[in-house]
There are 2 protein chains.
Amino acid sequence: MKIQVVENVQKVNDEVAAENRAELRARGVASVNLMGSPGCGKTAWLERTLEVLTAEMGVGVITGDLTTTRDAERIEDFTPHVVQINTGRGCHLEAHQVRQGLQRLDLDALDLLVIENVGNLICPVSWDLGQDRKVGMFSVTEGDDKPAKHPYVVLAADLILLNKIDLLPHVRFSRERFQEDVRAIRGDMDVLDVSATEGTGMDTWIDWLRTLAPATGTGQVVGAKTTD
Amino acid sequence: MKIQVVENVQKVNDEVAAENRAELRARGVASVNLMGSPGCGKTAWLERTLEVLTAEMGVGVITGDLTTTRDAERIEDFTPHVVQINTGRGCHLEAHQVRQGLQRLDLDALDLLVIENVGNLICPVSWDLGQDRKVGMFSVTEGDDKPAKHPYVVLAADLILLNKIDLLPHVRFSRERFQEDVRAIRGDMDVLDVSATEGTGMDTWIDWLRTLAPATGTGQVVGAKTTD
(Lines give C-alpha, C1' and ligand atoms only; values in the text may rest on other atoms or scores of the structure.)
Protein backbone atom coordinates (compact mmCIF):
# COMPACT_ATOMS: atom_id res chain seq x y z
CA MET A 1 0.00 0.00 0.00
CA LYS A 2 2.67 2.48 1.02
CA ILE A 3 4.83 1.70 -1.97
CA GLN A 4 1.99 2.09 -4.41
CA VAL A 5 1.07 5.51 -3.09
CA VAL A 6 4.66 6.69 -3.16
CA GLU A 7 4.96 5.41 -6.73
CA ASN A 8 1.88 7.40 -7.68
CA VAL A 9 3.34 10.56 -6.15
CA GLN A 10 6.57 9.97 -8.07
CA LYS A 11 4.63 9.33 -11.28
CA VAL A 12 2.73 12.60 -10.97
CA ASN A 13 6.02 14.35 -10.18
CA ASP A 14 7.65 12.91 -13.31
CA GLU A 15 4.74 14.07 -15.46
CA VAL A 16 5.00 17.63 -14.15
CA ALA A 17 8.80 17.49 -14.53
CA ALA A 18 8.33 16.54 -18.17
CA GLU A 19 6.04 19.56 -18.59
CA ASN A 20 8.65 21.80 -16.97
CA ARG A 21 11.32 20.40 -19.26
CA ALA A 22 9.20 20.92 -22.36
CA GLU A 23 8.35 24.48 -21.40
CA LEU A 24 11.92 25.43 -20.52
CA ARG A 25 13.17 24.04 -23.83
CA ALA A 26 10.40 25.71 -25.81
CA ARG A 27 11.34 29.01 -24.19
CA GLY A 28 15.06 28.43 -24.78
CA VAL A 29 16.03 28.25 -21.13
CA ALA A 30 18.74 25.78 -20.08
CA SER A 31 18.42 24.52 -16.51
CA VAL A 32 20.57 23.15 -13.72
CA ASN A 33 19.46 21.47 -10.49
CA LEU A 34 22.09 22.21 -7.81
CA MET A 35 22.12 19.77 -4.89
CA GLY A 36 24.23 19.58 -1.74
CA SER A 37 24.29 19.51 2.06
CA PRO A 38 23.10 22.42 4.17
CA GLY A 39 25.95 24.90 4.28
CA CYS A 40 28.08 23.35 1.52
CA GLY A 41 28.04 26.78 -0.12
CA LYS A 42 25.40 26.54 -2.84
CA THR A 43 24.13 30.10 -2.41
CA ALA A 44 27.58 31.65 -2.00
CA TRP A 45 28.74 29.90 -5.18
CA LEU A 46 25.61 31.08 -7.00
CA GLU A 47 26.28 34.67 -5.93
CA ARG A 48 29.75 34.53 -7.46
CA THR A 49 28.36 32.82 -10.55
CA LEU A 50 25.68 35.46 -11.09
CA GLU A 51 28.26 38.21 -10.62
CA VAL A 52 29.98 36.94 -13.78
CA LEU A 53 27.21 35.38 -15.81
CA THR A 54 24.51 38.07 -15.68
CA ALA A 55 26.80 40.29 -17.79
CA GLU A 56 26.32 37.98 -20.74
CA MET A 57 22.99 36.18 -20.32
CA GLY A 58 19.71 36.22 -18.46
CA VAL A 59 19.90 34.01 -15.38
CA GLY A 60 17.00 33.07 -13.12
CA VAL A 61 17.10 31.25 -9.80
CA ILE A 62 14.53 29.14 -7.99
CA THR A 63 15.77 28.48 -4.48
CA GLY A 64 14.31 25.95 -2.05
CA ASP A 65 14.40 26.07 1.74
CA LEU A 66 12.15 24.77 4.49
CA THR A 67 11.51 28.33 5.59
CA THR A 68 12.82 31.93 5.35
CA THR A 69 13.51 34.02 2.23
CA ARG A 70 17.17 34.53 3.12
CA ASP A 71 18.61 32.86 0.04
CA ALA A 72 16.29 34.75 -2.34
CA GLU A 73 17.23 38.02 -0.64
CA ARG A 74 20.91 37.28 -1.22
CA ILE A 75 20.33 36.27 -4.84
CA GLU A 76 18.20 39.37 -5.49
CA ASP A 77 21.34 41.48 -5.20
CA PHE A 78 22.52 39.86 -8.43
CA THR A 79 19.40 39.12 -10.50
CA PRO A 80 15.76 40.24 -10.30
CA HIS A 81 14.69 36.82 -11.62
CA VAL A 82 14.46 34.88 -8.37
CA VAL A 83 11.74 32.87 -6.66
CA GLN A 84 11.97 31.42 -3.15
CA ILE A 85 10.10 28.17 -2.55
CA ASN A 86 9.43 27.23 1.08
CA THR A 87 8.88 23.51 1.47
CA GLY A 88 7.76 23.55 5.11
CA ARG A 89 9.03 20.20 6.38
CA GLY A 90 9.67 18.96 2.84
CA CYS A 91 13.21 17.65 2.41
CA HIS A 92 13.49 18.35 -1.34
CA LEU A 93 11.95 20.35 -4.16
CA GLU A 94 9.27 18.68 -6.29
CA ALA A 95 8.38 19.37 -9.89
CA HIS A 96 5.07 21.07 -9.08
CA GLN A 97 6.89 23.58 -6.88
CA VAL A 98 9.30 24.36 -9.69
CA ARG A 99 6.25 24.68 -11.99
CA GLN A 100 4.87 27.36 -9.65
CA GLY A 101 8.26 29.04 -9.72
CA LEU A 102 8.34 29.04 -13.53
CA GLN A 103 4.94 30.74 -13.60
CA ARG A 104 6.35 33.59 -11.54
CA LEU A 105 9.47 34.08 -13.69
CA ASP A 106 9.77 36.00 -16.97
CA LEU A 107 11.14 33.06 -18.96
CA ASP A 108 11.60 35.20 -22.09
CA ALA A 109 14.25 37.15 -20.20
CA LEU A 110 16.20 34.01 -19.28
CA ASP A 111 18.85 31.87 -20.95
CA LEU A 112 19.64 29.83 -17.87
CA LEU A 113 17.69 28.76 -14.80
CA VAL A 114 19.50 27.48 -11.72
CA ILE A 115 17.35 25.56 -9.27
CA GLU A 116 19.04 25.57 -5.87
CA ASN A 117 17.56 22.58 -4.12
CA VAL A 118 16.87 22.23 -0.39
CA GLY A 119 20.08 21.60 1.57
CA ASN A 120 20.09 17.81 1.72
CA LEU A 121 22.35 15.17 0.16
CA ILE A 122 19.69 12.47 0.04
CA CYS A 123 16.09 13.30 -0.89
CA PRO A 124 16.60 15.79 -3.78
CA VAL A 125 18.43 13.12 -5.77
CA SER A 126 15.28 11.07 -6.38
CA TRP A 127 13.05 13.86 -7.70
CA ASP A 128 13.19 15.00 -11.32
CA LEU A 129 12.39 18.70 -11.59
CA GLY A 130 12.65 18.97 -15.38
CA GLN A 131 16.25 20.19 -15.35
CA ASP A 132 18.77 19.63 -18.17
CA ARG A 133 21.61 18.91 -15.77
CA LYS A 134 22.12 17.92 -12.16
CA VAL A 135 25.12 19.24 -10.24
CA GLY A 136 26.20 17.81 -6.90
CA MET A 137 28.16 20.01 -4.50
CA PHE A 138 30.35 18.74 -1.67
CA SER A 139 32.69 20.83 0.48
CA VAL A 140 36.03 19.92 2.03
CA THR A 141 34.81 20.79 5.53
CA GLU A 142 32.29 17.92 5.30
CA GLY A 143 35.08 15.36 5.11
CA ASP A 144 36.46 13.20 2.31
CA ASP A 145 34.09 10.28 3.01
CA LYS A 146 30.93 11.97 1.77
CA PRO A 147 30.84 10.59 -1.81
CA ALA A 148 31.20 7.04 -0.47
CA LYS A 149 28.46 7.65 2.10
CA HIS A 150 26.21 9.47 -0.37
CA PRO A 151 26.77 7.63 -3.65
CA TYR A 152 23.33 8.35 -5.14
CA VAL A 153 24.05 12.04 -5.66
CA VAL A 154 27.27 11.06 -7.45
CA LEU A 155 25.38 8.55 -9.59
CA ALA A 156 22.72 11.14 -10.48
CA ALA A 157 24.95 14.15 -11.13
CA ASP A 158 26.45 15.40 -14.39
CA LEU A 159 29.18 17.29 -12.55
CA ILE A 160 30.55 17.35 -9.01
CA LEU A 161 31.75 20.59 -7.44
CA LEU A 162 34.10 20.35 -4.46
CA ASN A 163 33.67 23.68 -2.66
CA LYS A 164 35.64 25.46 0.09
CA ILE A 165 38.88 24.22 -1.43
CA ASP A 166 40.51 27.29 0.18
CA LEU A 167 39.91 25.69 3.60
CA LEU A 168 41.92 22.57 2.72
CA PRO A 169 44.93 23.64 4.85
CA HIS A 170 42.69 23.88 7.93
CA VAL A 171 40.87 20.53 7.80
CA ARG A 172 41.67 16.83 7.65
CA PHE A 173 40.69 15.95 4.10
CA SER A 174 42.41 13.68 1.59
CA ARG A 175 41.75 15.00 -1.91
CA GLU A 176 42.98 11.63 -3.24
CA ARG A 177 40.59 9.59 -1.11
CA PHE A 178 37.67 11.81 -2.18
CA GLN A 179 38.59 11.37 -5.84
CA GLU A 180 39.06 7.60 -5.49
CA ASP A 181 35.64 7.21 -3.90
CA VAL A 182 33.99 9.30 -6.62
CA ARG A 183 35.74 7.22 -9.30
CA ALA A 184 34.65 3.97 -7.68
CA ILE A 185 31.05 5.13 -8.02
CA ARG A 186 31.31 6.81 -11.42
CA GLY A 187 34.55 6.36 -13.34
CA ASP A 188 33.60 9.11 -15.79
CA MET A 189 32.68 11.79 -13.26
CA ASP A 190 34.35 15.20 -13.45
CA VAL A 191 35.16 16.83 -10.12
CA LEU A 192 35.80 20.57 -10.19
CA ASP A 193 37.58 22.14 -7.19
CA VAL A 194 35.97 25.46 -6.39
CA SER A 195 35.99 28.20 -3.77
CA ALA A 196 33.12 30.63 -3.46
CA THR A 197 35.33 32.75 -1.22
CA GLU A 198 38.29 33.02 -3.58
CA GLY A 199 36.63 32.37 -6.95
CA THR A 200 38.67 29.24 -7.67
CA GLY A 201 37.24 27.19 -10.54
CA MET A 202 34.85 29.90 -11.67
CA ASP A 203 36.16 30.13 -15.26
CA THR A 204 35.75 26.40 -15.86
CA TRP A 205 32.30 26.43 -14.28
CA ILE A 206 31.18 29.40 -16.39
CA ASP A 207 32.45 27.63 -19.52
CA TRP A 208 30.47 24.54 -18.54
CA LEU A 209 27.31 26.63 -18.09
CA ARG A 210 27.95 28.36 -21.42
CA THR A 211 27.82 25.02 -23.23
CA LEU A 212 24.33 24.55 -21.79
CA ALA A 213 23.08 28.03 -22.53
CA PRO A 214 25.12 29.75 -25.23
CA ALA A 215 24.52 33.46 -24.76
CA THR A 216 23.43 33.97 -28.33
CA GLY A 217 19.96 35.14 -27.54
CA THR A 218 18.62 32.46 -29.88
CA GLY A 219 17.61 30.46 -26.88
CA GLN A 220 18.73 27.07 -28.17
CA VAL A 221 19.91 24.60 -25.59
CA VAL A 222 22.94 22.84 -27.04
CA GLY A 223 23.65 19.30 -26.08
CA ALA A 224 20.87 19.15 -23.54
CA LYS A 225 20.08 15.70 -22.32
CA THR A 226 17.43 14.37 -20.04
CA THR A 227 18.35 13.51 -16.50
CA ASP A 228 15.97 12.22 -13.92
CA MET B 1 -4.75 8.83 0.65
CA LYS B 2 -1.09 9.71 0.83
CA ILE B 3 -1.46 11.48 4.16
CA GLN B 4 -3.33 8.62 5.75
CA VAL B 5 -0.70 6.09 4.72
CA VAL B 6 2.12 8.29 5.97
CA GLU B 7 0.26 8.70 9.25
CA ASN B 8 -0.01 4.93 9.54
CA VAL B 9 3.72 4.56 8.98
CA GLN B 10 4.39 7.20 11.63
CA LYS B 11 1.97 5.51 14.02
CA VAL B 12 3.72 2.16 13.67
CA ASN B 13 7.05 3.93 14.14
CA ASP B 14 5.85 5.58 17.34
CA GLU B 15 4.67 2.25 18.73
CA VAL B 16 8.06 0.64 18.07
CA ALA B 17 9.80 3.73 19.50
CA ALA B 18 7.76 3.33 22.68
CA GLU B 19 8.91 -0.31 22.89
CA ASN B 20 12.53 0.79 22.42
CA ARG B 21 12.13 3.40 25.14
CA ALA B 22 10.57 0.91 27.53
CA GLU B 23 13.29 -1.65 26.92
CA LEU B 24 16.15 0.84 27.27
CA ARG B 25 14.73 2.14 30.54
CA ALA B 26 14.10 -1.35 31.86
CA ARG B 27 17.71 -2.22 31.10
CA GLY B 28 18.98 1.03 32.64
CA VAL B 29 20.38 2.47 29.44
CA ALA B 30 20.07 6.21 28.83
CA SER B 31 19.89 7.20 25.17
CA VAL B 32 20.69 10.15 22.94
CA ASN B 33 19.65 10.69 19.30
CA LEU B 34 22.37 12.81 17.63
CA MET B 35 21.23 14.66 14.50
CA GLY B 36 23.05 16.97 12.09
CA SER B 37 24.09 17.63 8.50
CA PRO B 38 26.43 15.34 6.60
CA GLY B 39 29.93 16.28 7.68
CA CYS B 40 28.99 18.44 10.66
CA GLY B 41 31.28 16.22 12.72
CA LYS B 42 28.97 13.80 14.53
CA THR B 43 31.32 10.82 14.27
CA ALA B 44 34.47 12.80 15.11
CA TRP B 45 32.74 14.24 18.19
CA LEU B 46 31.58 10.77 19.19
CA GLU B 47 35.14 9.44 18.92
CA ARG B 48 36.36 12.10 21.33
CA THR B 49 33.39 11.47 23.61
CA LEU B 50 34.01 7.73 23.75
CA GLU B 51 37.69 8.33 24.47
CA VAL B 52 36.67 9.96 27.75
CA LEU B 53 33.40 8.27 28.65
CA THR B 54 34.23 4.61 28.17
CA ALA B 55 36.61 4.88 31.14
CA GLU B 56 33.65 5.37 33.47
CA MET B 57 30.61 3.75 31.84
CA GLY B 58 29.48 1.33 29.15
CA VAL B 59 28.66 3.21 25.96
CA GLY B 60 27.05 1.73 22.86
CA VAL B 61 26.56 3.35 19.48
CA ILE B 62 24.04 2.72 16.70
CA THR B 63 25.13 4.65 13.64
CA GLY B 64 23.02 5.26 10.54
CA ASP B 65 24.22 5.84 6.99
CA LEU B 66 22.80 5.18 3.55
CA THR B 67 25.68 2.83 2.88
CA THR B 68 29.21 1.81 4.02
CA THR B 69 30.37 0.71 7.47
CA ARG B 70 32.91 3.52 7.74
CA ASP B 71 31.42 5.15 10.82
CA ALA B 72 31.07 1.85 12.69
CA GLU B 73 34.70 1.01 11.85
CA ARG B 74 35.81 4.33 13.33
CA ILE B 75 33.67 3.87 16.44
CA GLU B 76 34.90 0.31 16.91
CA ASP B 77 38.32 1.69 17.86
CA PHE B 78 36.68 3.06 21.02
CA THR B 79 33.92 0.65 21.97
CA PRO B 80 33.02 -2.90 20.93
CA HIS B 81 29.33 -2.03 21.35
CA VAL B 82 28.55 -0.63 17.91
CA VAL B 83 26.00 -1.43 15.22
CA GLN B 84 25.95 0.10 11.75
CA ILE B 85 22.52 0.53 10.17
CA ASN B 86 22.45 1.07 6.39
CA THR B 87 19.24 2.78 5.29
CA GLY B 88 19.73 2.43 1.54
CA ARG B 89 18.02 5.52 0.19
CA GLY B 90 16.35 6.22 3.52
CA CYS B 91 16.99 9.76 4.75
CA HIS B 92 16.63 9.02 8.48
CA LEU B 93 16.67 6.22 11.02
CA GLU B 94 13.34 4.68 12.01
CA ALA B 95 12.42 3.02 15.28
CA HIS B 96 12.31 -0.51 13.82
CA GLN B 97 15.91 -0.12 12.65
CA VAL B 98 16.99 0.96 16.12
CA ARG B 99 15.05 -2.04 17.45
CA GLN B 100 17.17 -4.32 15.27
CA GLY B 101 20.25 -2.53 16.55
CA LEU B 102 19.20 -3.06 20.18
CA GLN B 103 18.82 -6.79 19.54
CA ARG B 104 22.45 -6.94 18.43
CA LEU B 105 23.82 -5.03 21.42
CA ASP B 106 24.62 -6.35 24.89
CA LEU B 107 22.38 -3.89 26.73
CA ASP B 108 23.45 -5.19 30.12
CA ALA B 109 26.93 -3.88 29.40
CA LEU B 110 25.66 -0.38 28.61
CA ASP B 111 24.81 2.73 30.62
CA LEU B 112 24.42 4.99 27.62
CA LEU B 113 23.43 4.47 23.99
CA VAL B 114 24.19 7.14 21.40
CA ILE B 115 22.23 6.85 18.17
CA GLU B 116 24.07 8.72 15.45
CA ASN B 117 21.36 9.50 12.91
CA VAL B 118 21.78 9.70 9.12
CA GLY B 119 23.47 12.97 8.08
CA ASN B 120 20.45 15.15 7.37
CA LEU B 121 19.04 18.23 9.10
CA ILE B 122 15.45 17.59 8.05
CA CYS B 123 14.01 14.07 8.03
CA PRO B 124 15.47 12.63 11.28
CA VAL B 125 13.69 15.32 13.29
CA SER B 126 10.24 13.83 12.66
CA TRP B 127 10.99 10.25 13.71
CA ASP B 128 10.95 9.16 17.33
CA LEU B 129 13.47 6.37 17.93
CA GLY B 130 12.75 5.87 21.62
CA GLN B 131 15.60 8.10 22.80
CA ASP B 132 15.64 10.02 26.09
CA ARG B 133 17.19 13.11 24.54
CA LYS B 134 17.67 14.61 21.10
CA VAL B 135 20.84 16.57 20.35
CA GLY B 136 21.16 18.77 17.26
CA MET B 137 24.63 19.48 15.88
CA PHE B 138 25.53 22.40 13.64
CA SER B 139 29.04 23.45 12.58
CA VAL B 140 30.45 26.90 11.93
CA THR B 141 31.51 25.95 8.40
CA GLU B 142 27.83 25.50 7.47
CA GLY B 143 27.13 29.19 8.04
CA ASP B 144 25.29 31.10 10.75
CA ASP B 145 21.91 30.94 8.97
CA LYS B 146 21.31 27.24 9.52
CA PRO B 147 19.14 27.40 12.66
CA ALA B 148 16.82 29.90 10.94
CA LYS B 149 16.63 27.73 7.85
CA HIS B 150 16.26 24.50 9.82
CA PRO B 151 14.13 25.49 12.80
CA TYR B 152 12.52 22.10 13.35
CA VAL B 153 15.72 20.50 14.61
CA VAL B 154 16.08 23.38 17.06
CA LEU B 155 12.47 22.94 18.18
CA ALA B 156 12.96 19.19 18.66
CA ALA B 157 16.35 19.20 20.36
CA ASP B 158 17.20 19.21 24.05
CA LEU B 159 20.66 20.63 23.39
CA ILE B 160 22.41 22.25 20.42
CA LEU B 161 26.11 21.61 19.79
CA LEU B 162 27.96 24.10 17.58
CA ASN B 163 30.94 22.15 16.28
CA LYS B 164 34.18 23.15 14.48
CA ILE B 165 34.41 26.24 16.66
CA ASP B 166 38.19 26.08 16.06
CA LEU B 167 37.57 27.02 12.41
CA LEU B 168 35.82 30.28 13.34
CA PRO B 169 38.81 32.45 12.34
CA HIS B 170 38.73 30.97 8.82
CA VAL B 171 35.04 31.37 7.92
CA ARG B 172 32.41 34.09 7.74
CA PHE B 173 30.20 33.25 10.69
CA SER B 174 28.53 35.52 13.20
CA ARG B 175 28.27 33.74 16.52
CA GLU B 176 25.78 36.43 17.62
CA ARG B 177 23.52 35.98 14.63
CA PHE B 178 23.52 32.20 15.14
CA GLN B 179 22.58 32.64 18.82
CA GLU B 180 19.87 35.20 18.02
CA ASP B 181 18.26 32.88 15.49
CA VAL B 182 18.35 29.95 17.91
CA ARG B 183 16.79 32.13 20.64
CA ALA B 184 14.06 33.35 18.30
CA ILE B 185 13.06 29.71 17.78
CA ARG B 186 13.60 28.45 21.33
CA GLY B 187 14.33 31.04 23.99
CA ASP B 188 15.37 28.34 26.45
CA MET B 189 17.80 26.48 24.21
CA ASP B 190 21.37 25.86 25.37
CA VAL B 191 24.06 26.10 22.70
CA LEU B 192 27.39 24.50 23.52
CA ASP B 193 30.42 25.50 21.42
CA VAL B 194 32.52 22.43 20.72
CA SER B 195 35.49 21.31 18.66
CA ALA B 196 36.07 17.65 17.91
CA THR B 197 39.56 18.57 16.73
CA GLU B 198 40.62 20.46 19.86
CA GLY B 199 38.29 18.97 22.46
CA THR B 200 36.60 22.28 23.27
CA GLY B 201 33.39 21.85 25.25
CA MET B 202 34.06 18.20 26.06
CA ASP B 203 33.90 18.60 29.86
CA THR B 204 30.50 20.28 29.76
CA TRP B 205 29.19 17.71 27.29
CA ILE B 206 30.42 14.81 29.41
CA ASP B 207 28.77 16.36 32.48
CA TRP B 208 25.51 16.66 30.51
CA LEU B 209 25.72 12.99 29.52
CA ARG B 210 26.52 12.02 33.12
CA THR B 211 23.23 13.54 34.29
CA LEU B 212 21.45 11.19 31.86
CA ALA B 213 23.42 8.10 32.72
CA PRO B 214 25.10 8.35 36.10
CA ALA B 215 27.95 5.86 36.08
CA THR B 216 26.77 4.14 39.21
CA GLY B 217 26.19 0.81 37.64
CA THR B 218 22.67 0.90 39.03
CA GLY B 219 21.40 1.69 35.62
CA GLN B 220 18.87 4.30 36.68
CA VAL B 221 18.17 7.07 34.21
CA VAL B 222 17.90 10.27 36.20
CA GLY B 223 15.66 13.02 34.99
CA ALA B 224 14.81 11.24 31.78
CA LYS B 225 11.91 12.72 29.91
CA THR B 226 10.11 11.63 26.80
CA THR B 227 10.85 13.43 23.56
CA ASP B 228 9.32 12.59 20.25
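Residues numbered from 1 in each chain as written. Chains lettered and ligands numbered in written order. Predicted model: local features only at pLDDT ≥ 70, side-chain atom pairs only at ≥ 80, totals over all residues. Heavy atoms only, no water.

Colleague: Break down the overall build of chain A for me, with residues and values.
Modeller: Check the secondary structure of chain A and you find eight helices and seven strands. Seen through its C-alpha atoms, chain A measures out along the principal axes to roughly 50 × 45 × 35 Å. Considering only intrachain contacts with a sequence separation of at least 6, the fraction spanning at least 24 residues in chain A is 75%. (Helix = DSSP H or I, 4+ residues; strand = E, 2+ residues; numbered from the N terminus. Contact = heavy atoms within 4.5 Å.)

Colleague: Requested: an account of the relation of the copies chain A and chain B, with residues and values cited.
Modeller: Once turned by 180° and shifted 0.0 Å along the axis, chain A lies on chain B with an RMSD of 0.0 Å. One copy is carried onto the other by what is essentially a two-fold rotation axis. A shared interface surface links the copies, since 100% of the contact residues of chain A are contact residues in chain B too. (Least-squares fit on C-alpha atoms with pLDDT ≥ 70 in both.)

Colleague: Explain the packing of aromatic side chains to me, and be specific about the residues and the numbers.
Modeller: Scanning the entire structure with this criterion turns up eight aromatic pairs over all chains. Seen from their ring centres, A:Trp205 and A:Trp208 are 5.7 Å apart, and the 10° between their planes marks the pair as stacked. One end of the pair is A:Trp205 and the other is A:Trp208, both in helix 8 (residues 202–212) and three residues apart, which spans about a single turn. Members of the aromatic cluster, each reached through a chain of ring pairs, are A:Trp45, A:Trp205 and A:Trp208. Between the NZ or CZ atom of A:Arg89 and the centre of the ring of B:Tyr152, over which it lies, the distance is 4.1 Å. (Phe/Tyr/Trp six-rings, centres within 6.5 Å; stacked < 30°, edge-to-face > 60°. Lys NZ or Arg CZ within 6 Å of the ring centre and 35° of its normal.)

Colleague: How would you explain the interface of chain A and chain B if you had to name every residue and give the values?
Modeller: Accessible area lost upon the coming together of the parts is a frequently used measure of interface size. Taken together, the contact between chain A and chain B spans 42 residues of the former and 42 residues of the latter. Across the interface of chain A and chain B, roughly 3,400 Å² is buried in total on both sides, 61% from carbon and sulfur atoms. Where chain A meets chain B, there are six salt bridges. With a closest N to O distance of 2.8 Å, A:Lys149 and B:Asp71 form a salt bridge. Put simply, chain A and chain B have nine residue pairs in polar contact (both at pLDDT 80 or more) between them. At the level of elements, helix 1 (2–26), helix 3 (70–75), helix 5 (146–149), helix 6 (151–156) and helix 7 (175–185) of chain A are the ones that each hand at least two residues to the side of chain A that touches chain B. Per-class residue counts for the side of chain A that touches chain B are 16 nonpolar, 12 polar and 14 charged. (Buried area = accessible area lost by both parts, 1.4 Å probe. Salt bridge = Lys/Arg side-chain N within 4 Å of Asp/Glu carboxyl O. Polar contact = N/O pair within 3.5 Å; in protein donor to acceptor, adjacent residues only side chain to side chain. Nonpolar A, V, L, I, M, F, W, Y, C, P; charged D, E, K, R; others polar.)

Colleague: How would you sum up the confidence of the model for chain A? Please name residues and give values.
Modeller: All names here are of chain A. The predicted model of chain A averages 93 in pLDDT, with 91% of residues at 70 or higher. In this model, residues 216–228 is a region of pLDDT below 50 whose contacts with residues beyond four sequence positions or in other chains number 32 contacts. Here the complex is predicted with pTM 0.92, and the ipTM for its interfaces comes to 0.91. (pLDDT = per-residue confidence, 0-100.)

Colleague: Give me the pairing of strand 3 (residues 82–86) of chain A: which residues, what numbers.
Modeller: All names here are of chain A. Burial analysis of strand 3 places four of its five residues in the buried class, which makes it a mostly covered element. Pairing analysis gives five bridges linking strand 2 (residues 59–65) to strand 3, with the strands arranged parallel. Its bridge partner lying in strand 3, isoleucine 62 is registered against valine 83. This β-α-β element, strand 2 to helix 3 to strand 3, shows right-handed connectivity. (Buried < 20%, exposed > 50% of the residue type's maximum accessible area, 1.4 Å probe, protein only. Pairing = 2+ DSSP bridges. Right-handed = clockwise from strand over helix to strand, strands pointing away.)

Colleague: Let's hear about the sheet that holds strand 6 (residues 159–163) of chain B: which residues, and what values?
Modeller: Residue and element names in this part refer to chain B. Taken together, the seven strands give an open sheet; going across it, the order is 3-2-4-1-5-6-7, and neighbouring strands pair in parallel fashion. Of all the strands in the sheet, the pair left with one neighbour each is strand 3 (82–86) and strand 7 (191–193). If you compare each strand with its neighbour and ignore which way they point, the axes differ by 20° on average. Running over the sheet, helix 7 (residues 175–185) touches strand 5 (133–139), strand 6 and strand 7 and is turned about 155° from strand 7. (Axes fitted to C-alpha atoms, helices over the stretch in contact; angles between N-to-C directions.)

Colleague: Mind laying out the pairing of strand 6 of chain B, listing which residues take part and the relevant values?
Modeller: Residue and element names in this part refer to chain B. The buried fraction of strand 6 is high, at five of five residues. Taking every second residue as pointing to the same face, both faces of strand 6 are buried, with Leu159, Leu161 and Asn163 on one and Ile160 and Leu162 on the other. Two elements, strand 5 and strand 6, share five bridges in a ladder whose sense is parallel. Note that in strand 6 the partner of valine 135 across the bridge is leucine 159. With three bridges connecting them, strand 6 and strand 7 associate as parallel partners. If you follow leucine 162 over to strand 7, its bridge partner there is aspartate 193.

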